[in-house]
Amino acid sequence: MPEHLRRPERADLVLLTHGHDDHLDAELPALLARTGARVVAPAPVRFYLQEQGVPGGQCEAMNVGGSIEVFGLRLTMTVAHHAAHVELRGGTPGFQHEGVGYILHFSDNTVLYAAGDTALFGDMRLLADLYQPTVALLPIGDRYTMGPREAAYAAQLLRVAHLVPFHYGTFASLVGTPDQLQEYLRQDDDVTVHALAAGETLEIGQLP
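Since the model is a prediction, treat every value here as computed from it, not as a measurement.

The subject of this paragraph is helix α4 (residues 124-131). An α-helix turns once every 3.6 residues. As a result, residues three or four positions apart point the same way. Of all the positions in α4, only M124, L127, A128 and Y131 are classed as buried. Looking straight down α4, one finds its buried side chains confined to an arc of 100°; they lie on one side. Among the exposed residues of α4, those pointing more than 90 degrees away from its buried face are L126 and L130. Where α4 is buried, its residues meet β4 (73-87), β5 (93-105), β6 (111-114) and α5 (148-158). Residue Q132 follows α4 closely and has a positive phi angle near 50°.

What follows concerns the sheet that holds strand β8 (residues 162-166). Strand order across the open sheet formed by seven strands is β3-β4-β5-β6-β7-β8-β9, with mixed pairing between neighbours. At either end of the open sheet lies a strand with only one pairing partner, and these are β3 (67-70) and β9 (192-193). Where β8 and β9 come together, two bridges link them in parallel fashion. Paired with H162 across the two strands is T192, which belongs to β9. Seen against the sheet, α4 touches β4, β5 and β6 and runs at an angle of roughly 160° to β6. Against the sheet, α5 contacts β6, β7 (135-139) and β8, and its axis sits at roughly 155° relative to β7.

Calculation notes
- Residues numbered from 1 in each chain as written.
- Predicted model: local features only at pLDDT ≥ 70, side-chain atom pairs only at ≥ 80, totals over all residues.
- Heavy atoms only, no water.
- Buried < 20%, exposed > 50% of the residue type's maximum accessible area, 1.4 Å probe, protein only.
- Helix = DSSP H or I, 4+ residues; strand = E, 2+ residues; numbered from the N terminus.
- Arc of directions from axis to C-beta.
- Contact = heavy atoms within 4.5 Å.
- Pairing = 2+ DSSP bridges.
- Axes fitted to C-alpha atoms, helices over the stretch in contact; angles between N-to-C directions.

Below, the structure is given as structure tokens:
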């Protein structure tokens, strides 16, 4: 990640899918103190952050299946199949939990599904039926999450027009690639893959 993005001057809302250290940055409590941003996370991660001094008033309490309204955004927390923990001092694992995903309903009717680190699961079809996401963020790295083949099938279940792959290429063991994902997608799926470079942004409200 570009260094200027590691310490943003402003943040309004932080969504955490789980507590692994490639998602829960050690500098997060300082960022929350500096910006006053609200944070949403699985309950054990929220408890950990409060132990680190994050005020309870900045933590939005919710659980899988629930929805909240925050900053004009409707946010739904979903299941993700991914065993997780928070790494404590000395490398000891604590605060064990299951990861989560999020459905974000924007005011322009764009619906984004951020799956989090997860395996493929059949109830993605229920998410499609209920929320009609237009954009999905799906992991493709394999080994610890679904790989390109499973992500391509997930795109079919979700019936999304746009797919942003993530959780690949940062470790040697994450072998899945966007090219492999593209190969597994069927021609009639009509899905556009947006393989973003670190620091690159995508204006989802302007997607066709």
